[in-house]
Amino acid sequence: MNASFGIDHPLIAVNNIEVVRDRMISLGFNMTAIGRHPWGTNTSLAMFDGCLIEIMGIHDKRLLDEHPAGGFCFGRHVYEHLQEREGIALTALHSTDATADAERAKDAGFTVSGHLDFGRDVTLPDGRTGRTRTTLALMPDRHWPRLSFFLCQQHRPDLIYVPEWLEHPNTACGISGITVLADESDHVALIGKFEGLYASAEMTEDGFDISTANGRIRVRTRQAIEREFATLPSAISASGAPCIVALDLRCKSPAKLGRWIENSGLDHETTGDRLTLTNPVETGNVFLQFSTS
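Engineer: Is there a simple way to explain the overall build of the chain in this structure?
Structural biologist: Within the chain, the regular secondary structure consists of seven helices and 18 strands. Against the globule reference of 19 Å for 293 residues, the chain gives a C-alpha radius of gyration of 18 Å, in line with a compact fold. Its C-alpha atoms put the chain at 45 × 45 × 35 Å along the principal axes. The buried share of the chain, reckoned over its 293 residues, is 57%. Taking contacts inside the chain between residues at least 6 apart in sequence as the whole, the part at least 24 apart equals 63%.

Engineer: Looking at this model, I keep getting lost on the sheet that holds strand β15 (residues 243-251). Mind explaining?
Structural biologist: In spatial order, the strands read β12-β13-β14-β11-β15-β18-β17-β16; together these eight strands make up an open sheet with mixed pairing. Every other strand in the sheet has two partners, leaving β12 (202-204) and β16 (268-271) as the edge strands with one partner each. Strand-to-strand twist across the sheet, computed as the mean angle between neighbouring axes with direction ignored, equals 25°. As paired strands, strand β13 (residues 207-211) and strand β14 (residues 216-220) are joined by five bridges and run antiparallel to one another. Each bridged residue has a counterpart across the sheet, and for I210 the counterpart in β14 is I217. Contacting β15, β16, β17 (274-277) and β18 (287-291), helix α7 (residues 254-264) crosses the sheet at an angle of about 20° to β17.

Engineer: I tried to follow the environment of M203 on my own but got confused; where do I start?
Structural biologist: Among the structural elements, M203 can be located in strand β12. Along the sequence, M203 and R218 sit 15 residues apart, while their C-alpha atoms lie 9.9 Å from each other.

Engineer: Just to check I follow, could you spell out unusual backbone geometry for this structure?
Structural biologist: Among all residues except glycine, the phi angle is most often negative; among peptide bonds, the trans geometry is most common. One non-glycine residue, H67, lies in positive phi territory at about 55°. With respect to the helices and strands, the residue H67 is situated in the loop between β4 (52-58) and α2 (74-84). The backbone of N285 sits at a positive phi, close to 65°, despite the residue not being glycine. By secondary structure assignment, the location of N285 is in the loop between β17 and β18.

Engineer: What am I meant to see in the side chain of Q153 here?
Structural biologist: Checked against the element boundaries, Q153 lands in strand β10 (residues 149-154). Overall, Q153 belongs to the buried group, its relative accessible area being 13%. In terms of polar contacts, Q153 uses its side chain to reach the backbone carbonyl oxygen of T96, at 3.1 Å. A distance of 2.9 Å separates a polar side-chain atom of Q153 from the backbone nitrogen of A98. Apart from the residues lying within four places of it in its own chain, the contact partners of Q153 are S95, T96, D97, A98, R133, T134 and T135.

Engineer: Mind showing me how you'd approach the pattern of salt bridges here?
Structural biologist: Between side chains of opposite charge, pairing is possible as soon as their charged atoms come close. A full pass over the atoms with the stated rule returns 17 salt bridges. Residues E202 and R216 are paired through a salt bridge, measuring 3.0 Å at the closest nitrogen-oxygen approach. Taken together, the residues span a long stretch of sequence, with E202 in strand β12 and R216 in strand β14 at a distance of 14 residues. By relative accessible area, E202 is classed as partly exposed at 39%. Three or more residues are tied together by salt bridges with common partners; here these are E202, D209, R216 and R220.

Engineer: Sorry if this is basic, but what is going on with the nonpolar core here?
Structural biologist: Across soluble globular proteins, nonpolar side chains have a tendency to be buried as a group. Residues F29, I53, F194, I217, L247, L288 and F290 are the most contacted members of the largest nonpolar core, which totals 55 residues. Excluding residues within four positions of it along the chain, F29 makes contact with M24, A46, F48, I53, H168, P169, N170, A172, L249, L288 and F290. L11, L116, L138 and F150 belong to the second-largest nonpolar core, a separate cluster that totals 17 residues.

Engineer: Explain the side chain of N285 here, please?
Structural biologist: Given a relative accessible area of 8%, N285 falls into the buried group. Engagement of the side chain of N285 in a polar contact is seen with the backbone oxygen of E86, the distance being 3.0 Å.

Engineer: Sorry, what's going on with the state of the cysteines here?
Structural biologist: By definition, a disulfide links the sulfur atoms of two cysteine residues through a covalent bond. What the rule picks out here adds up to zero disulfides. The thiol sulfur of C51 is not disulfide-bonded, and the nearest other cysteine sulfur, from C173, lies at 8.9 Å. Left without a disulfide partner, C173 is nearest to the cysteine sulfur of C251, which lies 6.9 Å away. The exposure class of C173 is partly exposed, given its relative accessible area of 26%.

Engineer: Explanation requested: the sheet that holds strand β1 (residues 7-13) in the structure shown.
Structural biologist: Whether parallel or antiparallel, the strands of a sheet pair through hydrogen bonds between backbone atoms. Taken in spatial order, the eight strands make up an open sheet running β2-β3-β4-β1-β5-β10-β9-β6, and their pairing is mixed. Single-partner strands in this sheet number two, and they are β2 (35-36) and β6 (114-118). Two elements, β1 and β4, share three bridges in a ladder whose sense is parallel. Among the inter-strand pairings, A13 is bridged to a residue of β4, identified as M56.

Engineer: Explain helix α1 (residues 17-26) here, please?
Structural biologist: Note that an α-helix has 3.6 residues per turn; residues three or four places apart therefore point the same way. Taken together, the buried positions of α1 are I17, V20, R21 and M24. For α1, the arc enclosing every buried residue in end-on projection is 100°, short of the 170-degree limit, so these residues lie on one face. Where α1 is buried, its residues touch β3 (41-47), β4 and β18. The N-terminus of α1 is capped by N16, whose side-chain oxygen sits 3.3 Å from the backbone nitrogen of E18.

Calculation notes
Residues numbered from 1 in each chain as written. Predicted model: local features only at pLDDT ≥ 70, side-chain atom pairs only at ≥ 80, totals over all residues. Heavy atoms only, no water. Helix = DSSP H or I, 4+ residues; strand = E, 2+ residues; numbered from the N terminus. Rg over C-alpha atoms; globule rule 2.2 N^0.38 Å. Buried < 20%, exposed > 50% of the residue type's maximum accessible area, 1.4 Å probe, protein only. Contact = heavy atoms within 4.5 Å. Pairing = 2+ DSSP bridges. Axes fitted to C-alpha atoms, helices over the stretch in contact; angles between N-to-C directions. Polar contact = N/O pair within 3.5 Å; in protein donor to acceptor, adjacent residues only side chain to side chain. Salt bridge = Lys/Arg side-chain N within 4 Å of Asp/Glu carboxyl O. Core = buried A, V, L, I, M, F, W, Y, C linked by side-chain atoms within 4.5 Å. Disulfide = S-S within 2.5 Å. Arc of directions from axis to C-beta.

Okay, here's the thing in structure tokens:
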């Protein structure tokens, strides 16, 4: 399971959630049915034990400014992100106590605009029903909007991390890291952003790593990212602003994963024990990279 401030779920904003959801299913992910938020967004999830991938679109522009959290409107943020391009618009950090963790985040220098509470009715595989309850603490970054975070506390994890929902045909089983694109001139400021909340950064040849309770935050230059993954989409490289461009995912069986990726027809490359989808435009401008570690 995850712990406070571990990577919980990157939120990939997409223009056509049905198309991207179908593509994720073709890759072997067990995606939830598309649900709706009261602030105008819709969502589908690939769930793991203590974390998940979320793809999100817009279902009703009339609701974008509903349920503001101290002036921050979740739906409006996602919508404005999509007006520029697809990609990760927000990233959730795990929380075991959204109130206490928000205070810790404030002490570390993060802005906490407010909290949101919501829930949804669920039916479990055995027929039992219940209602989830989730508390979010929104942490927008006005300087680097695409590096905005929020804390996510699930008050009924028994209704979220249901074993049958965590099994994926491609054997994906968790998130092991995220990769942030940032020019070298921004690295010092980004170290300051993250070291207030986490342990000291580990310097690398092309950037630095931050360890969280669930996976690593890897900050790299464009050149380093393109050496490791593939050419970045022009919509990302043209901006130059720091943003998350890749997800590292764990899988149990490279062979089963490989069969799903081959059958999907999406461009990919295998290097050692890593399989990388090399056309991020197909997955919301986000590279997906799989390994067993």
